[in-house]
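# Architecture at a glance
One letter stands for each residue in the lines below.
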Amino acid sequence: MPELPEVEVVRRGLADHVLGRRVKSVEVTHPRSVRRQAGGAAELGERLGGRVLRAARRRGKYLWLELGDTAGPDGEVESALLAHLGMSGQLLVQPADRLDEKHLRIRLRFDDDGPELRFVDQRTFGGLTVTDVTGPDALPVPVAHIGRDPLDPAFDAETAIGDLRRRRTGLKRALLDQTLVSGIGNIYADESLWRAKLHYERPTATLSRPEGRRLLAAAGEVMGEALAAGGTSFDALYVDVNGDSGYFDRALAVYGQEDRPCPRCGTSVRREAFMNRSSFWCPTCQPRPRRRHI
C-alpha cells in the first residue's frame, strides 16, 4: 500500500493542478468506491457539487482536499474530500477528452471545463468520501486519531519515543501503529530499522532514548529520500497525478532484497513472515534480540 512518500507525491500534484477549482459534477461508476459514504454516490455528488477545492492536506498516509465555497483562504473549513487509496487507488488529472481508464471509478468535472480529476482503482479497496472535519487542525473525522509523521514540522520526537517505549510490543509493530508515528508502512519500517541497526522484533520496552532518536531520524531520512525520488513504485499502480512512477525502489537496502548482500556489511539479507507480510533484515547489522526467560 502507498506510504507517506507516495501519498505526499500525489498531494503535491493535486496542489499544483486542482486547487481553486469548483466542482461542476461528480460521476461514480462503481459503488464500492463510495461505500464509505453513508448515502453513496448521491450523497457524494450532493456534498461535492459546487464546492471549491481549497487545499491539499496530508497526515501520515492519509490524504484529503479541503472544501469551501470560495477559492480564498478565508472562511472556516467544515468538510473535506478524503481519499482512501487502498492497494491500487490512483488520483489522476486528465484532459477531458482523454479516453477513460479501464478501472475508472469516480470522475470530478470542474466548471472551468479543464482537466478532470479521476479516481482509478483496479482492486476497488479504495474510495472517496466527503467527511466533516474536527479539531484545531481541521482533520477529517476518520483521521483525527492519527499521529504526526517524522516529516511533519510539528512532529515531537521525544513524545513519540516515549509512546513507543510504553507500547510493550516489537519495534516494527509499533512503527506500523499509525496512532504513534504515522506515515510508515512495511517498506519504510524495514528500511528505517536497517539504517538504525535495530531488529524488527526488538522489544519497545528495551529501546533507549538515543536508539529511539536514531530510529526516528532514520525514518525521516529514508522517507525524505524516497520523496525526492518520487516514491517507490513496484508496478504501474503506484503513480503520481500524471501517471508517472517513482524510482526509489532502486535504492532500497533490504526491503525486497532477500539473499542479496547487505549494502553495509555484505551479509545476505533475510526475509521472514510478519503480520501476513514480510520483514527484510540483515542478521549481522540487525542481530535478533535474545529471548527472555521467565
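What counts and what doesn't
- Residues numbered from 1 in each chain as written.
- Predicted model: local features only at pLDDT ≥ 70, side-chain atom pairs only at ≥ 80, totals over all residues.
- Heavy atoms only, no water.
- UniProt positions renumbered as here; feature names shortened; annotations may be inferred.
- Helix = DSSP H or I, 4+ residues; strand = E, 2+ residues; numbered from the N terminus.
- Pairing = 2+ DSSP bridges.
- Axes fitted to C-alpha atoms, helices over the stretch in contact; angles between N-to-C directions.
- Contact = heavy atoms within 4.5 Å.
- Salt bridge = Lys/Arg side-chain N within 4 Å of Asp/Glu carboxyl O.
- Buried < 20%, exposed > 50% of the residue type's maximum accessible area, 1.4 Å probe, protein only.
- Parallel < 35°, antiparallel > 145°, perpendicular 65-115°, else oblique.
- Left-handed = near helix turned anticlockwise from the far one by under 90°.
- Nonpolar A, V, L, I, M, F, W, Y, C, P; charged D, E, K, R; others polar.

The name that an unreviewed UniProt entry assigns to the chain is Formamidopyrimidine-DNA glycosylase, with the source organism given as Actinomycetospora rhizophila. Database annotation for the chain, UniProt heading Subunit (unreviewed entry): "Monomer." In its Sequence similarities (unreviewed entry) section, UniProt records this for the chain: "Belongs to the FPG family."

### Thoughts on the UniProt feature "domain: FPG-type" (unreviewed entry) in the chain
Annotation from UniProt places "domain: FPG-type" (unreviewed entry) at residues 253–287. This span, residues 253–287, is 0% helix and 29% strand, and a straight line between its end C-alpha atoms measures 16 Å.

### With respect to the sheet that holds strand S1 (residues 23–28)
Judged by pairing direction, the sheet is antiparallel, and its 4 strands sit side by side in the order S1-S6-S7-S5 without closing on themselves. The open sheet has two free edges, formed respectively by S1 and strand S5 (89–94), since each of these has just one partner strand. Each neighbouring strand pair of the sheet contributes to a mean axis angle of 15 degrees, computed without reference to strand direction. Here S5 runs beside strand S7 (residues 116–121); their pairing, made up of 6 bridges, is antiparallel. What sits directly across from glutamine 90, in S7, is valine 120. On the sheet, helix H2 (residues 40–48) packs against S1 and strand S6 (104–110) and is oriented at approximately 170 degrees with respect to S1.

### Some remarks on the pattern of salt bridges
Scanning the model with the defined rule gives 31 salt bridges in all. Arginine 12 is the salt-bridge partner of glutamate 8, the closest N and O atoms lying 2.9 Å from each other. Of this pair, glutamate 8 and arginine 12 are both found in helix H1 (residues 4–17), 4 residues apart, which corresponds to roughly one turn of the helix. Across the salt bridge formed by aspartate 163 and arginine 166, the nearest N and O atoms sit 2.6 Å from each other. In this pair, aspartate 163 and arginine 166 are both assigned in helix H3 (residues 157–166), 3 residues apart and thus about one turn of the helix distant. The class of aspartate 163 is partly exposed, set by a relative accessible area of 24%. A single network of salt bridges, built from pairs that share partners, joins Glu27, Asp100, Glu101, Arg107, Arg109, Glu116 and Arg118.

### What to know about unusual backbone geometry
For lysine 197, which is not a glycine, the phi torsion comes out positive at approximately 60 degrees. Among the secondary structure elements, lysine 197 is positioned in the loop between helix H5 (186–196) and helix H6 (209–228). At methionine 275, a position not held by glycine, the phi torsion is positive, near 50 degrees. Position of methionine 275 among the secondary structure elements: in the loop between strand S10 (270–274) and strand S11 (277–281). Look at methionine 275 and you get partly exposed, because its relative accessible area is 34%.

### Considering the environment of leucine 151
Structurally, the position occupied by leucine 151 is in the loop between strand S9 (139–140) and H3. Here leucine 151 falls in the partly exposed class, since its relative accessible area comes to 30%. Along the primary structure leucine 151 and alanine 205 are separated by 54 residues, whereas in three dimensions their C-alpha atoms are 25 Å apart. The residues contacting leucine 151, other than those within four sequence positions of it, are Leu4, Gly220, Met223 and Gly224.

### Regarding the sheet that holds strand S4 (residues 79–84)
Here 5 strands make up an open sheet; going across it, the order is S2-S3-S4-S8-S9 and the pairing antiparallel. Whereas interior strands pair on both sides, the edge strands pair on one side only; in this sheet they are strand S2 (52–59) and S9. Sheet topology places strand S8 (residues 127–134) next to S9; 2 bridges connect them, and they run antiparallel. Residue pairing across strands places valine 133 opposite proline 140, the latter belonging to S9. Sheet strands touched by H1: S2 and strand S3 (62–68). Its angle to S2, the strand with the most contacts, is close to 165 degrees. Against the sheet, H2 contacts S3, S4 and S8, and its axis sits at roughly 55 degrees relative to S8.

### What to know about the packing of H1 against H6
When two helices pack together, their arrangement is captured by the angle between the axes and the distance separating the axes. Look at H1 against H6: their axes get within 8 Å of each other, and the N-to-C directions meet at 40 degrees. When the axis of H1 is compared with that of H6, the two are oblique. Judged by the twist between their axes, the crossing of H1 over H6 is right-handed. On H6, the residues that touch Leu4, Pro5, Glu8, Val9 and Arg12 of H1 are Met223, Ala226 and Leu227. Of the residues that constitute the contact of H1 with H6, the class distribution is 6 nonpolar, no polar and 2 charged.

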